[in-house]
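The chain contents come next:
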Amino acid sequence: MVVFDPGLEDYEEDQQIYPEVRKAEARFMPRLLAAAMQNSGAWGAVRVVPNDDQITDLRVTGTILESNGEALELHIRATDSRDRIWLDRDYSANASRYAYDNTTRNSYDPFQAIYHTIANDLLQQQQALKPAQLQDVRLVTELLFAQSFAPDAFAGYLQKDRKDQLVIKRLPARNDPMLERVRSIRERDQLFVDTLQEHYSHFSGEMAVPYQEWRKMSYEESVALQEMQTESRRRMLAGGLSILAGIVAAGSSEGSSRAAGNVAIIGGGYLLKSGLEKRAEAQIHVAALEELGMSLEAEITPRVIELEDRTVMLSGNAEEQYEQWRELLADIYHAEMGTLEPPASRTAP
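What you see is a predicted model, and the numbers here were worked out from it, not measured in a lab.

On inspection of all chains with the given rule, the structure shows eight salt bridges. Between D88 and R77 there is a salt bridge, and its shortest N-O distance comes to 3.0 Å. Here D88, found in strand 3 (residues 85-94), pairs with R77, found in strand 2 (residues 71-80); they are 11 residues apart in sequence, far enough to count as distant. Accessibility expressed as a relative area gives 41% for D88, which makes it partly exposed. Residue R77 is classed as partly exposed on the basis of its relative accessible area of 33%. One salt bridge connects D80 with R82, and the closest N-O pair in it is separated by 2.9 Å. Grouping residues by exposure puts D80 and R82 together as buried. Through salt bridges with shared partners, a single ionic network connects E142, E180 and R183.

Time to look at helix 2 (residues 112-127). Spanning 16 residues, helix 2 covers 23 Å between terminal C-alpha atoms, matching the ideal 22 Å at 1.5 Å per step. Among the residues of helix 2, Q112, I114, Y115, I118, A119, D121, L122, L123 and Q126 are the ones counted as buried. The secondary structure elements touched by the buried residues of helix 2 are helix 1 (19-39), strand 1 (58-67), strand 2, strand 3 and helix 3 (131-149).

Reading the values: rules and limits
Residues numbered from 1 in each chain as written. Predicted model: local features only at pLDDT ≥ 70, side-chain atom pairs only at ≥ 80, totals over all residues. Heavy atoms only, no water. Salt bridge = Lys/Arg side-chain N within 4 Å of Asp/Glu carboxyl O. Helix = DSSP H or I, 4+ residues; strand = E, 2+ residues; numbered from the N terminus. Buried < 20%, exposed > 50% of the residue type's maximum accessible area, 1.4 Å probe, protein only. Expected span 1.5 Å × (residues − 1). Contact = heavy atoms within 4.5 Å.

This is the structure:
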């Protein structure tokens, strides 16, 4: 599970999008999806990783297309290690007005159904594969990981087919010492990724309460904003029509029509003024949403995790830390392989 793309490439300041909130959501939402998959009992360890460099049996990526207290829309793409696409589609849902009741919002995410739907779709794809295909996925994952550290030594084991998917051409010998070293390195990598889960779990726990409060208030502000914008347009339209009718009547030669026209102009002006006031009040709600986003940003703080030989700060630089870890693993691998002589034949019969 890769940290989601916050969807800020086409972000414009006049949109009701708060970049820091989106960045936090991009780390929060994959945890909910991973938990939904884990709870099904049909998967092994489901981990959240900072980028798609992690080589896994199944890689799930997501992009946040829309997110506020009222609506959530995600684009989910899932591919296995063979480059076979499992999912590539949009998911959307709207929150109920009951979703933010005090009795439900702390124990149940307002958009929990969307994560269950994605998890069920992934499970359906998994169940459609034969046991031999699942075994191929695991073997391809292992060989890809080996190639990432020793591309020359493990070249030629995989190739692309006509569908541009990876297939196994041949396998290393079972007693291949280089493969054993790779498996040892991979175990260390998974331990580091497990350590990252502690960070993401703590991050999600710290974020849950203020984020749910923000979404509750955002939902209320969004609904109020829509109602006021509708009322503002209605009043401004009625006011404009009333002024137009009053101008026509005021131009009449009859005294009574002229008086009625003046009254219509005054009344239309009041409605137009009222509509403008409503629009100004709507802008106050927009400013309130922005302030809420800033307050949520203030709630999110970086965390420190302790490794065996170092202390790592995990925040916005989690991606950089993981890159450093991968470089360290490569150094460990090459140091261990320095005095190792490869066997005469490294190909399994």
